[in-house]
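The residues making up each chain are set out below.
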Amino acid sequence: MDLRRPPRSTSGGVEPKIRQVGFVTPDVSGPSELPAVAALQPGPAAGSPPASDLSPGSLSPVMIPPPRHADHLSPGSPSPPASEAILASSAPQPSSMRFDAASELAEDDSRSMAPSAGELETNKGDLADTQNEGAPVSQKQKPSKAERRAIQEAQRAAKAAAKEAGLSGKSTGAPSGANPAVSKQAKSAKASQKKDVPPAANTVASEKKVTERLPERDRKKDAPHPRMQFDDVHRVEKAKKRAIVNQSEARNRVELFRHLPQYVHGTQLPDLESKFFQLEPIHPSVYKVGLQYLSGEVSGGNGRCIAMLLSFREAIKDYSTPPNKTLSRDLTAKISSYVSFFIECRPLSISMGNAIRFLKNRIAKLPLTLSESEAKASLQSDIDRFINEKIVVADQVIVSHAITKVRDGDVLLTYGSSSVVEMILDHAHELGRKFRVIVVDSRPKLEGQGLLRRLVAKGINCTYTHINAVSYIMHEVTRVFLGASSILSNGTVYSRVGTASVAMVAHALGIPVLVCCEAYKFHERVQLDSICANELGDPDVISKVPGRADLDHLKNWTDKENLQLLNLTYDATPSDYVSMIITDYGMLPPTSVPVIVREYRKEQLWV
Amino acid sequence: MAMELDAAQNPNPNPDPPISAYYQTRADHHAVVSSDWLAHAAAAASSVTDTDADAAPPPSPGGNGGGVIEEFNMWRRKPEAAEAVAAIMALTAVIRSSRATTMMELEIELKKASDKLKSWDATSISLSAACDLFMRFVTRTSHLEHEKFDAAKSRLIERGEKFGEISLKARKTIAMLSQDFILDGCTMLVHGYSRVVLEILKLAASNRKLFRVLCTEGRPDRTGLRMSNEIAALGIPVKVLIDSAVAYSMDEIDMIFVGADGVVESGGIINMMGTYQIALVAHSMNKPLYVAAESYKFARLYPLDQKDMTPAHRPIDFGVPVPAGVEIETSARDYTPPQYLTLLLTDLGVLTPSVVSDELIQLYL
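Residues numbered from 1 in each chain as written. Chains lettered and ligands numbered in written order. Predicted model: local features only at pLDDT ≥ 70, side-chain atom pairs only at ≥ 80, totals over all residues. Heavy atoms only, no water.

An unreviewed UniProt entry annotates chain B as Translation initiation factor eIF2B subunit alpha originating from Lolium multiflorum. UniProt's Sequence similarities (unreviewed entry) comment on chain B is quoted here verbatim: "Belongs to the eIF-2B alpha/beta/delta subunits family." Listed under Subcellular location (unreviewed entry) in UniProt, the entry text for chain B is "Cytoplasm, Cytosol". (UniProt positions renumbered as here; feature names shortened; annotations may be inferred.)

Chain A is annotated in an unreviewed UniProt entry as Translation initiation factor eIF2B subunit delta of Lolium multiflorum. On record in UniProt, under Subcellular location (unreviewed entry), the comment for chain A is "Cytoplasm, Cytosol". Comment text from UniProt for chain A, heading Sequence similarities (unreviewed entry), reads "Belongs to the eIF-2B alpha/beta/delta subunits family."

> Give me helix H12 (residues 284-295) of chain A: which residues, what numbers.
Residue and element names in this part refer to chain A. For H12, spanning 12 residues, the distance from its first C-alpha to its last is 16 Å, which sits close to the expected 16 Å at 1.5 Å a residue. Within H12, 9 of the 12 residues are buried, leaving the element largely enclosed by the surrounding structure. For H12, the complete set of buried residues consists of Ser285, Val286, Tyr287, Val289, Gly290, Leu291, Gln292, Tyr293 and Leu294. Just beyond H12, the residue with positive phi is Gly296, at close to 85°. (Helix = DSSP H or I, 4+ residues; strand = E, 2+ residues; numbered from the N terminus. Expected span 1.5 Å × (residues − 1). Buried < 20%, exposed > 50% of the residue type's maximum accessible area, 1.4 Å probe, protein only.)

> So what's going on with the interface of chain A and chain B? Which residues, and what values?
Tallying the contact residues gives 18 residues for chain A and 15 residues for chain B. Summing the contributions of chain A and of chain B, the shared interface buries around 1300 Å²; its carbon and sulfur component is 56%. Taken together, the connections running from chain A to chain B amount to 4 salt bridges. Among the salt bridges present, the one from Lys405 of chain A reaches Asp308 of chain B, with a minimum N-O distance of 3.1 Å. At the surface where chain A touches chain B, the tally comes to 6 residue pairs in polar contact (both at pLDDT 80 or more). Of all the secondary-structure elements, those providing two or more residues to the side of chain A that touches chain B are strand E12 (586-588) and helix H22 (593-606) of chain A. The element best represented in the side of chain A that touches chain B is H22 of chain A, accounting for 4 residues. Here the side of chain A that touches chain B is built from residues that sort into 10 nonpolar, 3 polar and 5 charged. (Contact = heavy atoms within 4.5 Å. Buried area = accessible area lost by both parts, 1.4 Å probe. Salt bridge = Lys/Arg side-chain N within 4 Å of Asp/Glu carboxyl O. Polar contact = N/O pair within 3.5 Å; in protein donor to acceptor, adjacent residues only side chain to side chain. Nonpolar A, V, L, I, M, F, W, Y, C, P; charged D, E, K, R; others polar.)

> Summarise the sheet that holds strand E8 (residues 493-496) of chain A; cite the residues concerned and give the values.
Residue and element names in this part refer to chain A. What the 3 strands build is an open sheet, ordered E7-E8-E10; its pairing is antiparallel. The open sheet has two edge strands, strand E7 (486-487) and strand E10 (570-573), and neither has a second partner. Of the pairings in the sheet, the one linking E8 to E10 comprises 4 bridges and is antiparallel in character. The residue of E10 that forms the bridge with Val493 is Thr573. (Pairing = 2+ DSSP bridges.)

> Let's hear about unusual backbone geometry: which residues, and what values?
The peptide bond linking Arg443 of chain A to Pro444 of chain A adopts the cis configuration, its omega dihedral lying at -5°. Secondary-structure assignment places Pro444 of chain A in the loop between strand E4 (435-441) and helix H18 (448-458). Even without glycine at this site, Asn324 of chain A takes up a positive phi of about 65°. On the basis of relative accessibility, which here comes to 83%, the residue Asn324 of chain A falls in the exposed class. The phi dihedral of Arg208 of chain B is positive, around 60°, even though this residue is not glycine. Turning to its location among the elements, Arg208 of chain B is positioned in the loop between helix H9 (195-206) and strand E2 (211-216).

> I'd like to hear about the pattern of salt bridges, residue by residue, with values.
Inspection of every chain in the model, using the stated rule, returns 27 salt bridges over all chains. For Asp308 of chain B, the salt bridge identified is with Arg479 of chain A, shortest N-O distance 3.9 Å. Placement of Asp308 of chain B in the loop between strand E7 (289-292) and strand E8 (333-336) and of Arg479 of chain A in strand E6 (residues 479-483) is noted, with the two residues assigned to different chains. When its relative accessible area of 0% is taken as the criterion, Arg479 of chain A is described as buried. The structure contains a network of salt bridges with shared partners spanning Lys405 and Arg479 of chain A together with Asp305 and Asp308 of chain B.

> Can you explain the environment of Glu524 of chain A? Please cite residues and give values.
All names here are of chain A. Along the polypeptide, Glu524 turns up in the loop between strand E9 (513-516) and helix H21 (540-543). With relative accessibility at 36%, the residue Glu524 sits in the partly exposed group. Separated by 72 residues in sequence, Glu524 and Ile596 place their C-alpha atoms 9.9 Å apart. Not counting residues up to four positions away in its chain, the partners in contact with Glu524 are Arg357, Ser489, Val597 and Arg601.

> Break down the packing of helix H15 (residues 350-364) of chain A against helix H16 (residues 372-402) of chain A for me, citing the residues and quoting the values.
Residues and elements named next belong to chain A. Where H15 contacts H16, the two axes come as close as 10 Å, and the packing angle between them is 150°. Considered as vectors, H15 and H16 are oriented roughly antiparallel to each other. Viewed along their axes, H15 and H16 form a crossing whose handedness is right-handed. Residues Ala355, Phe358, Leu359, Arg362 and Ile363 of H15 lie in contact with H16, whose contacting residues are Leu379, Asp382, Ile383 and Phe386. Of the residues belonging to the contact of H15 with H16, the class tally is 7 nonpolar, no polar and 2 charged. (Axes fitted to C-alpha atoms, helices over the stretch in contact; angles between N-to-C directions. Parallel < 35°, antiparallel > 145°, perpendicular 65-115°, else oblique. Left-handed = near helix turned anticlockwise from the far one by under 90°.)

> Break down the confidence of the model for chain A for me, citing the residues and quoting the values.
As a note on interpretation, predicted positions should not be read in detail where pLDDT is low. All names here are of chain A. Per-residue confidence for chain A averages 72 on the pLDDT scale, and 57% of its residues sit at or above 70. The low-confidence segment residues 1-18 (pLDDT under 50) makes 49 contacts with residues lying over four places distant or belonging to another chain. Residue range residues 70-141 is modelled with pLDDT below 50. Its contacts to residues more than four positions away, or to other chains, number 177 contacts. (pLDDT = per-residue confidence, 0-100.)

> With reference to specific residues and values, describe the packing of H12 of chain A against helix H14 (residues 327-345) of chain A.
Residue and element names in this part refer to chain A. Contact geometry for H12 and H14: axes closest at 8 Å, N-to-C directions at 20°. In this view, H12 runs roughly parallel relative to H14, as classed from their interaxial angle. Crossing geometry of H12 relative to H14 is assigned as right-handed. Each of Val286, Tyr287, Val289, Gly290, Tyr293 and Leu294 in H12 lies in contact with H14, whose residues at this interface are Tyr338, Phe341, Phe342 and Cys345. In the contact of H12 with H14, the residues fall into 9 nonpolar, 1 polar and no charged.

As structure tokens, this is what we get:
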């Protein structure tokens, strides 16, 4: 299971990161159910009468829903069983709950919003139907929905008046006009429904999904939700109880990147530090590494991966199997919980994801005959071997290959701070090659400054510039060396934001671009742009320039509705701009990455 | 560098500056080659083989190197034999005449012989590629077998000879694969004297296809004249162009065939000077460029630009004395990046340039 992303809902479910556009016809057990359902629940199933003509589960083009009926939920006894039957056949619990919440939201929003928005909501309502099948819990909402509509309408009106509502605001900030008793009753009814959700769902998965969904709650009151949001208070509270890191609201989100977890980590550090000794389930070394991620002390693909693996090593050393549990399963669950903690601190990098996959693979492959101490020792040595072979030795091999491409008189350009590129430059300098280095840097991280300091300390001739001058400086350059967070199957280089620009300018001037990346960071997915998968950083650092307090024009950017700050961490460089990829398997053209992935995966089976 | 200084000081640059031996060989061949001579030479060479094999010097642990070079030279003198194939035959002979008693010893001997061959001509890519390939072949074999040394050795010899056979037959395979690309009434451009391309044309002519060939003059190797000689002997209409006239004639050309000195990891080729130019013109005018290369020419090199290769020089005779103080660019070959190549016709099949790395990875990793 790929832990870098929340696990897909298995059947009939929608991959959470995909924007839903258009109507999805409900996937029903029997066609006869549909008309009954449609008649009884034209609200959430508004699209279904026309949709029932289509084959179940197909995505139909956008349809104009029939007008909503005010009395669509005359709650009769046929309604719950019918809906129950339909609802009973969908699989994923988390998404069902998610769409469940959305369907409620759909109802609320349809009242107050324009019809076009309402379409989207009914759309979600359809999805709710599709996804809610199988959740025996959801049908109990039908009666309560009818009751709570009025309350929520009033609440919404009151909310519209508020500038920003906290997550808890929905429950506690019930303004005047709402019937607190009824609302509480309704919400407690919902809460009980939620708790009825069978724990069959991977708790880790739902937890992850919840924590990722939470910050995406829409702040803009009028903009329709393009995605399913967890607006439900009880859901939020439940997630908050589970979550170790407090997720606070993120503000002023950029529309295009709403599918990504928003940056909420800035305020977590003091909170987590205070909790250091209280958290039983999380091993202290794992906690420590998580804090280091949060604070930014440990960054860079290799650094993070090594820190994570070493903390796992410690955790495994101190691990003891609880009675009546098998080591492999329990340890895997434990590792998964650690991983979700790391994700809360900072989304996983691809290198970390691959390492976790390796570790889980090794745990799963432990022979059952091993005693606990032997198994632990074997796992620890596996981790050591992974770090040694795939990172340390791989770096040495990369350096030995790359050094053949550094000639006397070269002007080498590098961007940001890559550990491998730094090793190459050091080694070339040790061998006495005559070259000079241009370090290109960019805000807000300014990682190049650290690299610059270290190179100059070794006596390498360096020039330093910011990325706005890259086209100016590129004329002097003979080679460009770049690091990568990962290389994807189509040869796309996934690296620090700004890398693509540097590579593009180099390509335009015919300068070879050499990307240095260890093979364990390769991944088989394909990405065509920098938007579908990325990491969002803290927008506040964009608004301030350190050392220039007078540049405070963006001081109150959160107050401005029309202003959003975007701080991306990664970008995707198309393979056309890359001349060569240097890995521990040698020097390859970008087209050969899937070959290495294929061979590398095979090797992993025998590792 | 030294060579260019010489050229500057001597009004008449003479062949004393270090010429790539690879090209020297071809010059020796091409100076007098004609189809008839080929037949005679082949016959003569085969009779020479027997006596040479007997007269091979008894191998001593350190003296193998010399034996290899002689053997190699013997094979190389056959005009039909590619240099790489000659190397492979020579290495097989090393195994045959080796006195080693363990696999390790044998491998060490082979390594020494291979290094000796490679150093004999550092600029020949196919030579070093073939040596590496053979070593790889051998080490793979030796790791798999757990039998007695003699059995393993004879297996190695068998493999080596088979390898040599395959390489010799490679040209025939490529010729067969290429027939589909030659259509009746087409006009093709050839550049450089490639025996593989010649084989292709021979087969096409014998299949009675109607086509005509434009041939570049190919200075300084004078390949154009030789090539056109050969082609005319096959009965194919041929026209010779000066190198600068390629763009001028590109309109009437349907496809371009070239050979390769080496195929590099990126999928690009290293070939006679002028190939890159032709590739650029063809690309801009959307004409396909087909490269005919045997698979032992796949090398683990990765040039980033034209200067990123081991330089190989040819003397260029302009016919008139060059004034003092004037430098001459004497590089004999250039690198064509993969985006300008349409297809590679090899004995492994018809490949796209990106497959080369795939093959190399599968072989070497």
